[in-house]
Amino acid sequence: MRVELLPSTFDDQGVATLEQRLTCFLIDDLVAVDAGSIAIALNNEQRNSIRDIIVTHPHMDHIASLPIFIDDLYPLLQEPMRVHATPEVIDLLERDVFNWNVYPRFSELKNDYGPVMEYVPIPVGRPFSVAHLSVVAVPVNHIVPTVGLVVSDGKTSVAFSSDTAETEEFWKLVNEIKQLDALLIEASFPNGMAKLAEVSRHFTPASLGQELKKLTHNGMDIMAVHLKPTYRDEIVKQLEELRIPKLSVMEPGKVYNW
Ligand SMILES: [Zn+2]
Ligand SMILES: [Zn+2]
């Protein structure tokens, strides 16, 4: 499985910077998990191949350029852009984003080929298919309805925590898989900001270190993501101090193969 965290900012040479401001993972250039930077950082091939987007929750850093992406492709879409999300998240996207005020309600619009956007409600706790992938979503502990995911192509399984603080169902799901190849988990704030992490339901390196004790698999890559750009260096240092084997920080723009 090929997984890329899309960049959201670039330096003056056009090279992706290490800071992650938005969240969008591409899987095998076919499926996106969240859509923060989707309209900013896809190459043309990816723009033509991505038609399935799983939205874990409606926070802006996860959906910022989703409306723009659909808008860009509007006349060209020969099949609808499928947005896979829980019914609660679909309701929030319709109410707060695609509401004719912030942006058009694309789910009601058609181009010459047919509908341009389609919501696909996803169940929690039961497998569903997205393109070539089998996915299971479970609620995690964030301030809006949010799901964590385990994504499998039949050979490789990768877990995405999305945004969360201490949680249980996600670990139950992850620990039940026979083989886990990679875990992508959030580490948003430095340890000195534990209070803010707590109220906004995110991890610090310290709370993540505690949380990872719930993981019964070992040997897989653990990739920290969602580090707040302003505190990135501090968070990276604190993550290193945990001395957890195979824990590293995921680099935007780099392709990982598992
Ligand atoms: Zn969030
Ligand atoms: Zn976020």
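Source: prediction; values computed, not measured.

Attention shifts here to the packing of aromatic side chains. In this structure the tally under the stated criterion is 6 aromatic pairs. A ring pair is formed by Y74 and F106, whose centres lie 5.9 Å apart and whose planes are at 50°; its orientation type is tilted. Here F106 lies in the loop between α5 (87-96) and β6 (110-111) and Y74 lies in the loop between α4 (66-73) and β5 (81-85), a separation of 32 residues in the sequence. Among the residues examined, F106 registers a relative accessible area of 2% and is labelled buried.

So, on to empty space enclosed by the protein. Unoccupied space between atoms shows up once a probe the size of one water molecule is rolled over them. The full count for this structure, using the stated rule, is 2 cavities of 30 Å³ or more. When its volume is computed, the largest cavity comes out at roughly 100 Å³. Along its surface, the largest cavity is lined by 15 residues, and T23, F25, S162, D163 and V225 are the ones closest to its centre. Grouping the constituent residues of the lining of the largest cavity by class yields 5 nonpolar, 7 polar and 3 charged. Put simply, the second largest cavity is a space of about 40 Å³. In this structure, the second largest cavity is lined by L18, Q20, A224, V225, L227, R232, V249 and M250.

Another point: α4. Those residues of α4 not exposed but buried are L66, P67, F69, I70 and L73. When α4 is viewed along its axis, its buried side chains cluster within an angular range of 160° and face the same direction. On its buried face, α4 sits against α1 (38-41), α2 (44-49), β4 (52-54), α3 (60-63), β5 and β8 (117-121).

Let us now look at the coordination of the zinc ion (ligand 1). Taken together, H57 (NE2), H59 (ND1), H142 (NE2) and D163 (OD) make up the full set of protein donors to the zinc ion (ligand 1), lying 2.1 to 2.3 Å away. For the zinc ion (ligand 1), the 4 donor atoms are set out with angles of 92 to 164° between them, so the coordination reads as irregular. Ordering the donors of the zinc ion (ligand 1) by residue number gives the pattern H-x1-H-x82-H-x20-D. The distance between the zinc ion (ligand 1) and the zinc ion (ligand 2) comes to 3.5 Å, and D163 binds to both of them. Taken as a pair, H142 in the loop between β10 (133-139) and β11 (147-152) and D163 in the loop between β12 (157-160) and α6 (169-176) lie far apart in primary sequence, 21 residues in all. The pair formed by H142 and D163 is uniform in burial state, with each residue classed as buried.

Right, let's talk about the side chain of S37 for a bit. Of note, S37 is situated in the loop between β3 (31-33) and α1. Among the polar contacts listed, one links the side chain of S37 to the backbone oxygen of P7, at a separation of 3.4 Å. Aside from chain neighbours lying at most four places away, what touches S37 is L6, P7, S8, L22, T23, C24 and S65.

As a further point, take the coordination of the zinc ion (ligand 2). For the zinc ion (ligand 2), the full set of protein donor atoms is D61 (OD), H62 (NE2), D163 (OD) and H226 (NE2), at a range of 2.1 to 2.2 Å. Classification of the site at the zinc ion (ligand 2) rests on its 4 donor atoms, whose angles at the metal span 90 to 167°, yielding the label irregular.

Another aspect to go through is the pairing of β10. Taken across its 7 residues, β10 has 5 buried, putting it largely inside the fold. Pairing between strand β9 (residues 128-130) and β10: 3 bridges, direction antiparallel. Within β10, the position partnered with V130 by the bridge is L133. Remark: 2 residues form the turn of the hairpin made by β9 and β10, two consecutive strands paired antiparallel; A131 in that turn has positive phi of roughly 50°. Direction of pairing for β10 relative to β11: antiparallel, over a ladder of 6 bridges. For A137, the partnering residue across the bridge sits in β11 and is L149.

Basis of the calculations
Residues numbered from 1 in each chain as written. Chains lettered and ligands numbered in written order. Predicted model: local features only at pLDDT ≥ 70, side-chain atom pairs only at ≥ 80, totals over all residues. Heavy atoms only, no water. Phe/Tyr/Trp six-rings, centres within 6.5 Å; stacked < 30°, edge-to-face > 60°. Helix = DSSP H or I, 4+ residues; strand = E, 2+ residues; numbered from the N terminus. Buried < 20%, exposed > 50% of the residue type's maximum accessible area, 1.4 Å probe, protein only. 1 Å grid on protein atoms, 1.4 Å probe; cavity = no way out; pocket = protein on both sides within 12 Å on 5 of 7 lines; lining within 4 Å. Points joined across faces, edges and corners; volume = space filled by probe spheres on them. Nonpolar A, V, L, I, M, F, W, Y, C, P; charged D, E, K, R; others polar. Arc of directions from axis to C-beta. Contact = heavy atoms within 4.5 Å. Donors = N, O, S within 2.8 Å, 3.2 Å for Na, K, Ca; no water. Tetrahedral: all angles 85-135°; square planar, octahedral: opposite > 155°, others 65-115°. Polar contact = N/O pair within 3.5 Å; in protein donor to acceptor, adjacent residues only side chain to side chain. Pairing = 2+ DSSP bridges.

Purely geometric numbers; function is a separate question.
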